[in-house]
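# Geometric and topological summary
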Amino acid sequence: MSTSKTVRKVEVLSPVPADIDIANSVEPFHISEIAKDLNLSPKYYDLYGKYKAKVLLSVLDELEGSGDGYYVVVGGITPTPLGEGKSTTTVGLCQALGAFLDKKVVTCLRQPSQGPTFGIKGGAAGGGYSQVIPMDEFNLHLTGDIHAITAANNLLAAAIDTRIFHESTQSDKALLNRLCPPNKEGKRNFNDIMFRRLKKLGISKTKPEELTPQEVKKFARLDIDPTSITWRRVMDVNDRFLRKIAIGQGPEEKGMVRETGFDISVASEIMAVLALTTSLADMRERLGKMVIGNSKAGDPVTADDLGVGGALTVLMKDAINPTLMQTLEGTPVLVHAGPFANIAHGNSSIVADKIALKLAGPGGFVVTEAGFGSDIGTEKFMNIKCRYSSLTPQCAVIVATIRALKMHGGGPEVTAGKPLDRAYTTENVSLVEAGCVNLARHISNTKAYGVNVVVAVNMFATDSEAELNAVRNSALAAGAYDAVVCTHHAHGGKGAVDLGIAVQKACENVTQPLKFLYPLDISIKEKIEAIARSYGASGVEYSEQAEKQIEMYSRQGFSGLPICMAKTQYSFSHNAAEKGAPTGFSLPIRDVRASIGAGFIYPLVGTMSTMPGLPTRPCFYDIDLDTATGKVIGLS
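Everything numeric here is computed off the predicted structure, so don't read it as measured data. (Residues numbered from 1 in each chain as written. Predicted model: local features only at pLDDT ≥ 70, side-chain atom pairs only at ≥ 80, totals over all residues. Heavy atoms only, no water.)

This part is about the pattern of salt bridges. Throughout the structure, instances matching the rule amount to 28 salt bridges. A salt bridge links Lys567 to Asp375, with the nearest nitrogen and oxygen atoms 2.9 Å apart. Remark: Asp375 occurs in helix α15 (residues 374-389) and Lys567 occurs in the loop between α22 (544-555) and β20 (586-589); sequence separation between them is 192 residues. Across this residue pair, the class does not change: Lys567 and Asp375 are buried. In this structure, Glu467 and Lys406 form a salt bridge, with 2.8 Å as the shortest nitrogen-oxygen distance. Separated by 61 residues along the polypeptide, Glu467 in helix α18 (residues 465-477) and Lys406 in helix α16 (residues 402-408) bring together distant segments of the chain. Put simply, Arg196, Arg284, Glu285 and Asp304 are held in one network by salt bridges that share partners. (Salt bridge = Lys/Arg side-chain N within 4 Å of Asp/Glu carboxyl O. Helix = DSSP H or I, 4+ residues; strand = E, 2+ residues; numbered from the N terminus. Buried < 20%, exposed > 50% of the residue type's maximum accessible area, 1.4 Å probe, protein only.)

Here is the structure:
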């Protein structure tokens, strides 16, 4: 047993109580105790109450010469409505490593959006006896990072429409005079952000009065094409009625009406920037490079062209610092960023992982989770996140359940709120074996990156020994390093000790360097096709719109970016109903868009909703406050 004073022995109950009841049953350690256990000096974190702290990026300078821990990514089989327990497994594995195997370990997780928390899915703190606590703070405001993203995103949205409005009513000279007002001495000057635009335009002059009329026009007039604007407003609530709106209908806007809409905050490119940035200076550059649309001449217009890149960075200056929390059993957690796993890359931040790897140190472990199935989250972890971070994972965990594999094997449809069919609660080895084709493809795809693959089978009470053995045998036959049955939901870290041992061995015995699925110097289409082949597709079909966008992004110089495929999470293919491991299909690319600041091109396979809606009975029905104790009740 670890001698660390922050390890908490939790008494488990059966049946397992509600998640929020378990979370409320223990008093978290003061976060300074968690920091102390990591040898994290108080000068490198700011307290946010008793149980949360922002870890400052300056700790990376302090630890620059020290070695890294082992790096583990947790993905899953193709998700089903039954739920596979990926976050729970991530937390349970870390509790096993830290509280039972005496390893230094840090969990790195995304921050949940309030949309799912109050909507249909609930929170994302794990579950049962494998959770991040305080669970209510984790799932709600945390330290305000998503609110900062919302503010920054909407400042940029306001800047876009305001600029179009002012350009429509002023001459070139009047625009220049207002952009560069006279100082106290009556002289006009460019400020720092304006020099960025002048450099982009190839203008080397340093005074506004030196510009020729043609240069005044180029500098002062962005001439944004309203039909090309891709930047939308955001809020962190599932509000379907804001998906499409008309703005500018007030009389003061002089008829400048256009259609736009809202996305959920975590779908903002600023969230993807936060997750992929490597430093404050890098974040400043990425925010400034975000493209909001094109000029009428077809040139990309950026946040820096609008003069707002610096202000966006100011709004995000605290959000760049990861938040330190703890698991139920007292192991440390870094919570940071929460990008969508299909429109964006669905992984927590590079800076949190880098800090965690230094704090864990040689022989320690950092376990991070990738969104959705391995075809989406782990693929993007490798090809996008690891490219920008230059970090190399040693092990990838793939989470599976007997019930989900039965569904991939052709089991009956599952409908939320309706009792499970007997096929899922009674032994059916042949159905499990049929579904293991899905697991096998995830294993072979993930193994191709050069990491060792460990399968974690989340066990339910209805699973039989024969079914569990079938999964283990199929996993090993498909090339997994090991396959382990886990009971961490019911037993906490103790239920994932075998998984922890398997992961440790997998990390210690990795023999290959990290291999990417594609090089960056091939064309956009060749990269798309490499990913499509990993899904099992025999080819790719591009719509006329997709062809047009690929041609434009190539002409604008963006073809060297990695690809972030926006595809349904429920199938390897574009058809959510296609379970198992489909092959021979043609993948349709409906449209292609770009997150230039974040640093990726994202093709749209089918229709992706960036603003979820609320169900008839949202989770908020159950959420309330116990006014006597001040504790949140009903979160799941």
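A negative phi holds for most residues other than glycine; trans holds for most peptide bonds. In this chain, Ser14 is followed by Pro15 through a cis amide linkage whose omega measures 0 degrees. For Pro15, the location among the structural elements is in the segment before α1 (19-24). The linkage connecting Ile133 with the following residue, Pro134, adopts the cis geometry, with an omega of -5 degrees. Position of Pro134 relative to the elements: it lies in the loop between β6 (130-133) and α6 (135-139). Of note in the backbone geometry, Asp102 takes a positive phi value of approximately 60 degrees without being a glycine. With a phi angle near 55 degrees, Asp223 is a residue other than glycine that sits in the positive phi range.

Here we come to the packing of aromatic side chains. Tallying each qualifying case throughout the model produces seven aromatic pairs. Ring centres of Tyr71 and Phe381 lie 5.5 Å apart, and the angle between their planes is 55 degrees; this geometry places the pair in the tilted category. Of the two residues, Tyr71 is situated in strand β3 (residues 70-76) and Phe381 in helix α15; the sequence distance between them amounts to 310 residues. By relative accessible area, Phe381 is classed as buried at 0%. Taken together, the ring pairs connect Phe190, Phe195 and Phe219 into an aromatic cluster. In this arrangement the basic side chain of Arg8 is found over the ring face of Phe29, its NZ or CZ atom lying 4.3 Å from the centre. The ring centre of Tyr542 lies 4.6 Å from the NZ or CZ of Lys525, which sits over that ring. (Phe/Tyr/Trp six-rings, centres within 6.5 Å; stacked < 30°, edge-to-face > 60°. Lys NZ or Arg CZ within 6 Å of the ring centre and 35° of its normal.)

With the rule as written, the count across this model stands at zero disulfides. Not part of a disulfide, Cys386 finds its nearest cysteine sulfur in Cys108, a span of 13 Å. (Disulfide = S-S within 2.5 Å.)

Below, the discussion takes up the layout of surface pockets. Rolling a probe over the atoms, with the probe sized like a water molecule, indicates the empty space that remains. The calculated volume of the second largest pocket comes to roughly 1,300 Å³. Contributing to the lining of the second largest pocket are 50 residues, with Ile229, Thr230, Trp231, Arg232 and Arg593 lying nearest its centre. Those elements that place two or more of their residues in the lining of the second largest pocket are β9 (258-260), α11 (269-276), β11 (291-294), α22, β21 (591-595) and β22 (600-604). The biggest single contributor to the lining of the second largest pocket is α22, with seven residues. (1 Å grid on protein atoms, 1.4 Å probe; cavity = no way out; pocket = protein on both sides within 12 Å on 5 of 7 lines; lining within 4 Å. Points joined across faces, edges and corners; volume = space filled by probe spheres on them.)

Moving on: the environment of Leu635. With respect to the helices and strands, the residue Leu635 is situated in the segment after β24 (631-633). The exposure class assigned to Leu635 is buried, which follows from its relative accessible area of 3%. Along the backbone, Leu635 and Ser228 are 407 residues apart, and their C-alpha atoms lie at a distance of 41 Å. In this structure, Leu635 is in contact with Ile20, Thr117, Met135, Asp136, Asn139, Leu140 and Ile623, ignoring residues within four places of it in sequence. (Contact = heavy atoms within 4.5 Å.)

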